[in-house]
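These are the residues of each chain, in order.
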Amino acid sequence: MHDAKALRVGARDDTLLAAYLIDPGRAEYALDDLAAEYGLEVVPEPAADDETAALVRRAAAPARLVAPMLDRVRERGSERLYREIELPLTGVLAAMEAAGVKIDEYRMGEITARLADRIEELEAKAYELAGEEFVLGSTQQVARILFEKLALTPGRKGKTGYSTDTRVLRTIRHEHELVGVIEEWRELSKLVNTYLGPLPSLISPADGRLHTTFNQTVASTGRLSTTNPNLQAIPIRTELGREIRSAFVAEDGWRLVSADYSQVELRILAHVSGEPVLKEAFARNEDIHARTAAEVLGKEQATLTKDERNVAKMVNFGIIYGISAFGLSENLEIPREQAQEYIDRYLARFPHVQDFIERTIEQAARDGYVTTLLGRRRPVPEIRASNRQTRALGERLAVNSVMQGTAADVIKVAMIRIHERLRAEGRGARLVLQVHDELLLEVPQTETTGVAELVREEMCGAYPLDPALAVDVGYGDDWNAAKG
DNA sequence: CACTAGTGCAA
DNA sequence: TATTGCACTAGTG
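Throughout, a residue's number is its position along its own chain's written sequence, starting from 1. Lettering of chains starts at A and numbering of ligands starts at 1, both following the order in which they are written. Note on the predicted model: pLDDT of at least 70 is required for a residue's local features to be given, and 80 or more for side-chain atom pairs to be given and counted; whole-chain, interface and lining totals, by contrast, use all residues. Working from all heavy atoms in the structure, the side-chain values ignore hydrogens and water.

*Asks:* Run through the protein's contact with DNA strand C, naming residues and quoting values.
*Replies:* Here, proximity means that at least one heavy atom of the residue falls within 4 Å of the molecule or strand. In the vicinity of DNA strand C lie 34 residues, with Ser 138, Asn 228, Phe 326, Asn 331 and Gln 389 positioned nearest. Near the protein, meaning within 4 Å, the atoms of DNA strand C are sugar or phosphate in a fraction of 70%, with bases accounting for the rest. Counted as a polar contact is a pair of N or O atoms within 3.5 Å, where, for protein atoms, one must be capable of donating a hydrogen and the other of accepting one, and residues adjacent in sequence contribute only when both atoms are in side chains. Residue Arg 378 places a side-chain N or O atom 3.5 Å away from a phosphate oxygen belonging to DNA strand C. Gln 404 has a polar side-chain atom sitting 3.0 Å from a sugar or linking oxygen of DNA strand C. Within the residue set of the surface near DNA strand C, elements represented by two or more residues are α8 (139-149), α10 (177-196), β4 (225-227), α16 (306-321), α17 (325-332) and α20 (388-424). Only DSSP runs of H or I reaching four residues or more are called helices, and only runs of E reaching two or more are called strands; each is numbered from the N terminus. No other element matches α20, which puts 6 residues into the surface near DNA strand C. For this classification, Asp, Glu, Lys and Arg are treated as charged, while Ala, Val, Leu, Ile, Met, Phe, Trp, Tyr, Cys and Pro are nonpolar and the rest, including Gly, are polar. Within the surface near DNA strand C, the residues separate by chemical class into 11 nonpolar, 20 polar and 3 charged.

Now the structure itself:
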């Protein structure tokens, strides 16, 4: 296990990174294609779980592939991205993996014990209310009980029958007591089965810490991902979720520093579109969702309700994701016409955003790809599909990739500079996690404020955005406290 | 044991 | 029929 990890870190290689910049959707295959083109033998793809074989295969990419691949990276205008960002980032990620993060096992055990009791109660209660025993984790059986036996109001359908997801259950919660029992069982069993159970068992006996794996060539937008465990999906939204997060702790005498970019994708949108209203809102440090609501609904910010602000928040998410009236209507649970109305009003109030979206789509259709501010290219073949839905997907991917990809570029620059400055200044502090727009560091207590300031500087200065990048920094004894 | 569908966690 | 990921359980072959 430890050997495999060490090997994996050592085997990160420049050809795979180059392949990732050439075709981020399928780096492994792009590497194979090129190898075949040069008449080189391709080691067969290993079984999905054979980590060692996968490493050998990667390491087997011969040196003579490097030059032709770099030529292609250069042709694509991504050479600086390669040399100045992706390549140096590899060492930063290796150090972060090696550092790991500390978990308070005892705290997690306490929560688990509490939830295990409650889950048992809920199961007994569910069988009693259903009048029979059934497998609560089976969507088929839950659907049979709710919609056939109890004849509750069915919602959407999937390929195999009625959906029983969170939103459907929320809608019929009032119809039968069993629904609430299932909802609570789902929440608790999710947390126990995905986090509270597995995480402690993944603690390294060597240093008592949890070591994730950062994947640098997986996400098609340029983002990182983490696996085994996926530390980029630790709960935070519910009270129980925050309890779990608070079991991620600093060593004695150390603190956790959390720094996250504020509205980074919307700021990037403001920059690339040049939209004056958006830029002005950020310059004034306004609540961006409230400002959007005021613009779209034609009201004073001070008079907005929470629901109105939430509508605007969803519209902003929609813009980032590549908006569609259908998607917005699904998310807000409103009629499609109403959703279209919100979109129309938004685009009328932010005309430069509308221009940006149109330009980006035209560019993607013409070139077959879009490019981030730092020169990362994402191919969008979907945009030329004959199928209308696929084409619409391509349009959303094109728009989203510019913002999500630029945000990924920017935080990678910050990581490299922070890592280097910590070293140069002889700090004990170290990066431990990256969660897309957030960096988590473990810092000797005495260095806390100094490092917090260093991190803010490097994150804000990573790219000269207009409006400027903004960062929220906090610290504490655990991850939850550090974000507070 | 490999695979898919459904579900849900994060940004 | 909103973007990017990873992981779990049930169910199938």
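*Asks:* Describe the sheet that holds strand β1 (residues 101-103), and please don't skip the residues or the numbers.
*Replies:* Following DSSP output, two strands are said to pair if at least two bridges run between them. The 3 strands lie next to each other as β2-β1-β5, forming an open sheet whose pairing is antiparallel. Two strands in the sheet have a free side with no partner beyond their single neighbour: β2 (209-210) and β5 (248-249). Taken together, the 2 bridges between β1 and β2 define a ladder with antiparallel strand orientation. Each bridged residue has a counterpart across the sheet, and for Val 101 the counterpart in β2 is Leu 210.

*Asks:* Go over the packing of helix α2 (residues 14-22) against helix α3 (residues 27-37), please, and point to the residues and values.
*Replies:* Fitted lines through C-alpha atoms serve as axes, helices being fitted only where they are in contact, and the angles separating the N-to-C directions of these axes extend from 0 to 180 degrees. Packing of α2 against α3 brings their axes to within 8 Å, and their N-to-C directions diverge by 105°. Relative to α3, the element α2 lies roughly perpendicular. On α3, the residues that touch Thr 15, Leu 16, Ala 19 and Tyr 20 of α2 are Ala 27, Glu 28, Ala 30 and Leu 31. Residues of the contact of α2 with α3, tallied by class, amount to 6 nonpolar, 1 polar and 1 charged. Any angle between 65 and 115 degrees counts as roughly perpendicular, while under 35 counts as roughly parallel, over 145 as roughly antiparallel, and the rest as oblique. Contacts are assigned to residue pairs that have any heavy atoms within 4.5 Å of one another.

What is shown is where atoms sit, not what they do.
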